[in-house]
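A closer look at the structure
Listed below are the residues making up each chain.
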Amino acid sequence: MEVWEAIRKKRAVRVFKNEPLSDEAVTRILDAGRRSQSSKNTQPWDFIAIRDRDQRQRVSELGNWTGHVAGAALCVAIVVPTSQTGQDVDWKHMFDAGQAASYMQLAALEIGVGSCLGTVYKQEEARQVLGLPADKTIHIVISFGYPAEQPETPAKKGGRRPLEEVVHWDRW
Ligand SMILES: Cc1cc2nc3c(=O)[nH]c(=O)nc-3n(C[C@H](O)[C@H](O)[C@H](O)COP(=O)(O)O)c2cc1C
């Protein structure tokens, strides 16, 4: 699959077939995240790869819209250093985490695996469920699995803002 085709076709997939991913597929996805770019090449991420059904169920309860994790074949929690900036979230770490997430999602798409992000809101529960030390935090998890539904391209509802609206040439 061409990169451009992947970018054009990628949709969030939240319903998955009850079919496991091969070890090769899981490794491919995780390795794509590992290869992502990061600020000053700091690679601030760790990934917790969750295949266990009970653990996925627990993780699916850590956000308000993370139910899709329960039915996925694989969940990857993106671990970042706990913010030291006084803000809840360190923007640089989350920018890097976002890129790792995108790489994983595009690599998954190439091998027919769908994915969806999930936002973690229950930080204390996340810490307990995933055994995180105080200096590590999870804001985003990703569900992966073979799609049980084929989301429309482009999505009927939503889609993307037109290029002319998004792009400002030379200045705002
Ligand atoms: C930072 C971020 C957080 C997200 N959190 C959730 C979430 O908690 N639950 C969920 O179902 N989707 C979540 N999504 C997925 C978005 O809803 C999805 O990417 C967006 O609606 C576009 O979907 P589409 O590519 O199918 O058009 C998140 C996406 C991003 C980038």
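First, a word on what this report is: a plain description of the structure on this page. Computed from a prediction, not measured in an experiment: that's the story for all the values here.

1. Remarks on the site of the ligand
Taken together, the residues surrounding the ligand are K10, R11, A12, R14, W65, H68, C116, L117, G118, T119, I140 and R160. At 2.7 Å from a nitrogen atom of the ligand is found a main-chain nitrogen or oxygen belonging to W65. The dominant element in the shell around the ligand, judged by the number of residues it contributes, is strand β3 (residues 114–119), at four residues. Its residues assigned to classes, the shell around the ligand shows five nonpolar, three polar and four charged.

2. Some points on the nonpolar core
Within the largest apolar cluster, 20 residues are counted, with the highest numbers of intra-cluster contacts made by L21, I29 and F144. Looking at this core, the elements with two or more residues in it are α2 (23–34), β2 (74–81), α4 (91–110) and β4 (136–145). Sorting elements by how many residues they give to this core places α4 first, with five residues. In this structure, L62, V79, I138 and V141 belong to the second largest nonpolar core, which totals 13 residues.

What counts as what
Residues numbered from 1 in each chain as written. Predicted model: local features only at pLDDT ≥ 70, side-chain atom pairs only at ≥ 80, totals over all residues. Heavy atoms only, no water. Near = heavy atom within 4 Å. Polar contact = N/O pair within 3.5 Å; in protein donor to acceptor, adjacent residues only side chain to side chain. Helix = DSSP H or I, 4+ residues; strand = E, 2+ residues; numbered from the N terminus. Nonpolar A, V, L, I, M, F, W, Y, C, P; charged D, E, K, R; others polar. Core = buried A, V, L, I, M, F, W, Y, C linked by side-chain atoms within 4.5 Å. Buried < 20%, exposed > 50% of the residue type's maximum accessible area, 1.4 Å probe, protein only.

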